[in-house]
Amino acid sequence: MNDVALNGTSPQRSGYQESTASQAFGASHWPAAGGEMGERIRTHDWAATPLGPIQTWPQSLRTIVDLMLASQQPVYVAWGAQLTSLYNDNYLPILGIKHPKTLGRPYSEVWPEIWDEYRPIAAATMAGEAQHFIDRPVPLAGRPGRPMSWFTFSWTPIRDEAGGVAGFYCAATETTDKVLTEDALREGQEVALRETDMRYHALFEALDQGFCIVEMIFDEQNRPVDYVFAEVNPIFEEQTGLYDAAGKSMRSLQPTHEDYWFDIYGRVALTGEPARFEHEAAALDRWYDVFAYRIGNPEQRRVAILFDDITGRKLAENARRESEERLRQVQEAARIGSFEFDRRTNKAITSPEYLELYGLPEDLSGFFSYDDWIALVHPEDRPWIEAETRAAVADPSRNQLDYEFRILRADNGEMRWITARTKLLRDDKGRFVRSLGAQWDITAEKDAQTALHESEERYRSFIAHSSEGIWLLEFDPPLDVSLPVEKQVELAYRHGRFVECNDAMAEMYGLARAEDLIGKTLEFSLPSSDPEARAFLAGVIRSGYNLTGVESVELDAAGNHKHFDNSMTGIVENGQLKRLWGIQRDITDRKQAEDQRTLLIHELNHRVKNTLATVQSIASQTLRNAPTMRDAKEALEGRLIALARAHDVLTRESWEGAELREIVAQAVAPYAGRGEDRLHLQGPEVRLSPRMALALAMALQELATNAVKYGALSNSTGEIGISWKVEQTHPPRLHLTWEESGSPPVQAPSRRGFGSKLIERSLAQELNGAAQIEFRPTGIVCTVDAPLA
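Residues numbered from 1 in each chain as written. Predicted model: local features only at pLDDT ≥ 70, side-chain atom pairs only at ≥ 80, totals over all residues. Heavy atoms only, no water.

Chemist: I tried to follow the side chain of Thr422 on my own but got confused; where do I start?
Modeler: Relative to the helices and strands, Thr422 is located in strand S15 (residues 415-426). Residue contacts for Thr422: discarding those within four places in its chain leaves Phe339, Asn399, Gln400, Leu401, Asp402, Ser435, Leu436 and Gly437. (Helix = DSSP H or I, 4+ residues; strand = E, 2+ residues; numbered from the N terminus. Contact = heavy atoms within 4.5 Å.)

If you want it as structure tokens, here you go:
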């Protein structure tokens, strides 16, 4: 075939002309089979195509058409200069909606969408070069819903009677579903791998073992000389005694660190072979159990190190070393013990290893009986071992006896685990006559299984029983971390939900169990309407979703403010935040204690000043009104004692309940002058809680002090009325009024002093009620309204 044909011109038809008789023969009967396409080929108007009437087709073309129609595989034949199309029934799905118009048309017209790509391939095939493709993508038109298809196919040159290439034979298999499935599986495996890496990273952050990633440093001879800490986990400092290690080299932190550590980590970095070992770090005065493995690309020369400080264990081992030396040697040299038991003599011939296993003397072989053996089996295992042995011996179909059991060594009574495998030999009547067996010590394996089980139990119970709140927030869809901070805050509120947490976390928010918190959004504890809550989230975002020891103020289920200390680690992949792990501690009590301490310091400072002023006023009033110095002395002592009693009540009422009348009476007792009737108390009996009693006592003392200094008690004519009543609501409410009269003219101050603020704000806060001070011309009036519950 030449380039003229590939460019679409119409050279003369290939093949030779048959005689008129042969052309007429079988014109309407060939091809005789082939399903739908056999029928279409028989009835097609081939005279209008480059191939000419079907009667004129050469035998080579007829043969290849018969082969095509008989094939169970999709087959396409291109024949002649213009590559005229023929195909079988199995090829129809590949054509799609292009069938049946494709039959008899040139290849370039059937597949215009791929002709530019396949023109040189067709030319090579027509030049005699066979083609073969595996899973080749082909963008075929005419296949709705499948813009890209994959095929494994071959193009085989077809030669005519003259020996020239007249066309090609295409056998095709569609592999689209296989390719798509393999791509999906590969993508799923990659996603699973990334998820696994992220989960392990989050796990390492919470490990109770030390973990770090180091970058090895080699000299010009490629010898390891140092390493730099790229990452360390929180417990690293506790395990090593090295502080602020991230970004620093080991030589800078501990110049005398032994070369052994650099050599072994360097070998791991260069070879990729992991290392598990125990070794002493003399410069750090510690022993470590270490597992080191290479991570990342080999050229990065990074090594991940998981380690545990085993110094305490090593010290204990050294202390026991001398007493355990013999046992250690036995364990290192342990071999499988064998025996042969003869039922006739009831004795066993045993190997030295067998006797050593049971702690028996070496000369006992040949004299060791079944009864001697069963006596060494642990008492708790002995009954079922005897029952199993008797059942196996009595059952002619049993030829094997396997079990694991405990023994008590004959020499020291030590308990050991044993695995036994016994072959039962029988006579021709099926009766047991002797046994051959092997036994070996599996104590270490059993101990390891127990330790593994305990470790798994600790891991499972860690989250469930942790006193700290542990939670996982998931974002669906993931959050783009490149967005502006405020936009990320909005998306976090919209798409973030708690998907995991422990009961301790739920209880911190006043919920009964973890399930009550799962599914809730950030709106639950950090309302989006609260500027402080939004500012806290903005800080988390600015930290790159990775922070430790940050405090937050949040709401619990009842709407109460709670203070938390938070640590968080975000799982970010391809710039998308998928999950956010967090650990938090409830520090509400600590914060309240700090606030209370600050308030008490201010109150103490204020109270001392007021107390001194009160004492001065008492002394002044007493001396001014007393007729004699003796009377003045007695009155002054009495009022100072009354003042001291008021302070005693305040101290006592921090812990116990008290009557309101006693609180009021003790508060004003120092100012009740002998023979004077200036203080008037009126109200029913009311029992106060310690908190309410203390708050009222402080407020009354402030009011009394103010009255002595500026109000009704600052002259000789003023009076004070203190009245209270209880309104029977749910809960009952206390209404108390302090009203001064006859005082010097009163004007509202230009600004509130500490005393006024203490009464109005602290009293309202402590009592969950309201307190108000009015500066009337006749004197100060203070009203208190608060629930008694």
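Chemist: Where do I start with the packing of aromatic side chains in this structure?
Modeler: Any two aromatic rings considered together are summarised by their centre-to-centre distance and by the angle between their planes. Evaluation of the coordinates by the stated rule reveals 36 aromatic pairs. When the centroid spacing of 5.9 Å and the interplanar angle of 85° are considered together, the rings of Trp471 and Phe498 count as edge-to-face. One end of the pair, Trp471, is in strand S17 (residues 469-480); the other, Phe498, is in strand S18 (residues 496-501), and 27 residues separate them in sequence. The pair Trp471 / Phe498 is uniform in exposure class, with both members buried. Joined through ring pairs, the aromatic side chains of Tyr76, Tyr87, Tyr91, Tyr107, Trp115, Tyr118, Phe133, Phe153, Trp155 and Phe168 make up one cluster. Arg301 extends its terminal NZ or CZ atom over the ring of Phe218, reaching a point 4.4 Å from the ring centre. Sitting over the face of the ring of Trp287, Lys314 holds its NZ or CZ atom 4.7 Å from the ring centroid. (Phe/Tyr/Trp six-rings, centres within 6.5 Å; stacked < 30°, edge-to-face > 60°. Buried < 20%, exposed > 50% of the residue type's maximum accessible area, 1.4 Å probe, protein only. Lys NZ or Arg CZ within 6 Å of the ring centre and 35° of its normal.)

Chemist: Where do I start with the pattern of salt bridges in this structure?
Modeler: Where charged atoms from two side chains of opposite charge approach closely, those side chains can pair. Under the counting rule described, the total for this entry stands at 45 salt bridges. Notably, a salt bridge pairs Asp183 with Arg186, separated by 2.3 Å at the nearest N-O pair. One end of the pair, Asp183, and the other, Arg186, are both in helix H8 (residues 176-205), three residues apart, so they sit about a helical turn from each other. Judged by relative accessible area, Asp183 falls into the partly exposed class, the value being 31%. You can call Arg186 partly exposed: its relative accessible area is 42%. When salt bridges with common partners are traced through the structure, they connect Arg143, Arg146, Glu174 and Asp177 into a single cluster. (Salt bridge = Lys/Arg side-chain N within 4 Å of Asp/Glu carboxyl O.)

Chemist: How should I be thinking about the sheet that holds strand S27 (residues 770-776) in this particular structure?
Modeler: The strands that make up a sheet are held in pairs by hydrogen bonds between backbone atoms, and each pair lies either parallel or antiparallel. Strand order in the open sheet formed by five strands is S23-S25-S26-S28-S27, with mixed pairing between adjacent strands. For this open sheet the edge positions go to strand S23 (679-682) and S27, each flanked by a neighbour on one side alone. On average, each strand axis in the sheet is tilted by 10° relative to the strand beside it, whichever way the strands run. Relative to strand S26 (residues 733-741), strand S25 (residues 719-727) is paired through nine bridges, and the arrangement is antiparallel. Bridged to Gly721 within S26 is Glu739. Strands S23, S25 and S26 of the sheet are contacted by helix H22 (residues 660-668), whose axis makes an angle of about 175° with S23. (Pairing = 2+ DSSP bridges. Axes fitted to C-alpha atoms, helices over the stretch in contact; angles between N-to-C directions.)

Chemist: It is not clear to me how the nonpolar core should be interpreted in this structure. Could you clarify?
Modeler: Grouped burial of nonpolar side chains is what soluble globular proteins tend to show. Counting residues in each nonpolar core, the largest one holds 48 residues, and the members touching the most others are Ile41, Trp57, Val65, Leu86 and Tyr107. It is strand S5 (residues 165-174) that contributes the most residues to this core, seven residues altogether. Contacts of Val65, omitting those with residues within four sequence positions, involve Trp30, Ile41, Trp57 and Leu86. Grouped together as the second largest cluster of nonpolar side chains are 39 residues, Val686, Ala712, Ile759 and Leu767 included. (Core = buried A, V, L, I, M, F, W, Y, C linked by side-chain atoms within 4.5 Å.)

Chemist: How should I be thinking about the environment of Ala166 in this particular structure?
Modeler: Mapped onto the elements, Ala166 comes out in strand S5. Remark: the alpha-carbon pair of Ala166 and Gly80, spanning 86 residues in sequence, is separated by 5.4 Å.

Chemist: Is there a simple way to explain empty space enclosed by the protein in this structure?
Modeler: A full pass over the atoms with the stated rule returns seven cavities of 30 Å³ or more. Space inside the largest cavity adds up to approximately 200 Å³. Taken together, 21 residues form the lining of the largest cavity, with Leu473, Leu522, Leu537, Met568 and Leu580 sitting closest to its centre. Counting residues per element, the ones that place at least two in the lining of the largest cavity are S17, helix H17 (485-495), helix H19 (531-542), strand S20 (561-573) and strand S21 (576-586). Counting residues per element, the lining of the largest cavity draws most heavily on H19, which supplies four residues. (1 Å grid on protein atoms, 1.4 Å probe; cavity = no way out; pocket = protein on both sides within 12 Å on 5 of 7 lines; lining within 4 Å. Points joined across faces, edges and corners; volume = space filled by probe spheres on them.)

Chemist: Explain the packing of H22 against helix H23 (residues 690-709) here, please?
Modeler: Between two packed helices, what matters for the description is the angle formed by their axes and the separation of those axes. Remark: H22 packs on H23, axes separated minimally by 9 Å, with the N-to-C direction vectors making an angle of 30°. The orientation of H22 with respect to H23, classified from their angle, is roughly parallel. For the pair H22 and H23, the crossing hand works out as right-handed. Along the contact surface, H22 presents Leu660, Ile663, Val664 and Ala667, while H23 presents Ala693, Leu696, Ala697, Leu700, Gln701 and Ala704. (Parallel < 35°, antiparallel > 145°, perpendicular 65-115°, else oblique. Left-handed = near helix turned anticlockwise from the far one by under 90°.)

Chemist: I'm lost on the environment of Arg286 in this one. Help?
Modeler: Relative to the helices and strands, Arg286 resides in strand S9 (residues 286-295). Along the sequence, Arg286 and Ile310 sit 24 residues apart, while their C-alpha atoms lie 7.6 Å from each other. With near-sequence residues (within four places) excluded, Arg286 lies in contact with Glu238, Gln239, Thr240, Gly241, His279, Glu280, Ala281, Asp309 and Thr311. Polar side-chain contacts of Arg286 include one of 3.3 Å to the backbone oxygen of Glu238. Engagement of the side chain of Arg286 in a polar contact is seen with the side chain of Asp309, the distance being 3.0 Å. (Polar contact = N/O pair within 3.5 Å; in protein donor to acceptor, adjacent residues only side chain to side chain.)

Chemist: Just checking my understanding: could you explain H19 for this structure?
Modeler: With 12 residues, H19 should reach 16 Å at 1.5 Å per residue; the first-to-last C-alpha distance of 16 Å fits that figure. Buried within H19 we find Ala533, Arg534, Phe536, Leu537, Ala538, Val540 and Ile541. Positive backbone phi, at 75°, marks Gly544, one or two positions downstream of H19. (Expected span 1.5 Å × (residues − 1).)

Chemist: Help me understand the pairing of S20 in this model?
Modeler: Looking along a regular strand, one sees the side chains alternate between the two faces of the sheet. The buried fraction of S20 amounts to 10 of the 13 residues, a majority that puts the element mostly inside the structure. By the bridge criterion, 10 bridges tie S20 to S21 in an arrangement that is antiparallel. In the strand pairing of S21, Thr569 is matched with Trp581. Connecting the antiparallel pair S20 and S21 is a turn made up of two residues, with Asn574 showing a positive phi of about 55°.

Chemist: How do you make sense of unusual backbone geometry when you look at a structure like this?
Modeler: Apart from glycine, the bulk of residues carry a negative phi angle, and the bulk of peptide bonds sit in the trans form. In this model, Trp30 is joined to Pro31 through a cis peptide bond whose omega is -5°. If you trace the backbone, Pro31 turns up in the loop between helix H2 (20-24) and helix H3 (35-43). Residue Pro477 is reached from Asp476 by a cis peptide bond, and omega for that bond is 5°. Of note in the backbone geometry, Leu83 takes a positive phi value of approximately 55° without being a glycine. Among the secondary structure elements, Leu83 is positioned in the loop between strand S1 (75-79) and strand S2 (84-87). For Leu83, a relative accessible area of 2% corresponds to the buried category. Although it is not a glycine, Arg301 adopts a positive phi angle of roughly 55°. Looking at where Arg301 falls in the secondary structure, it is placed in the loop between S9 and strand S10 (302-309). For Arg301, a relative accessible area of 27% corresponds to the partly exposed category.

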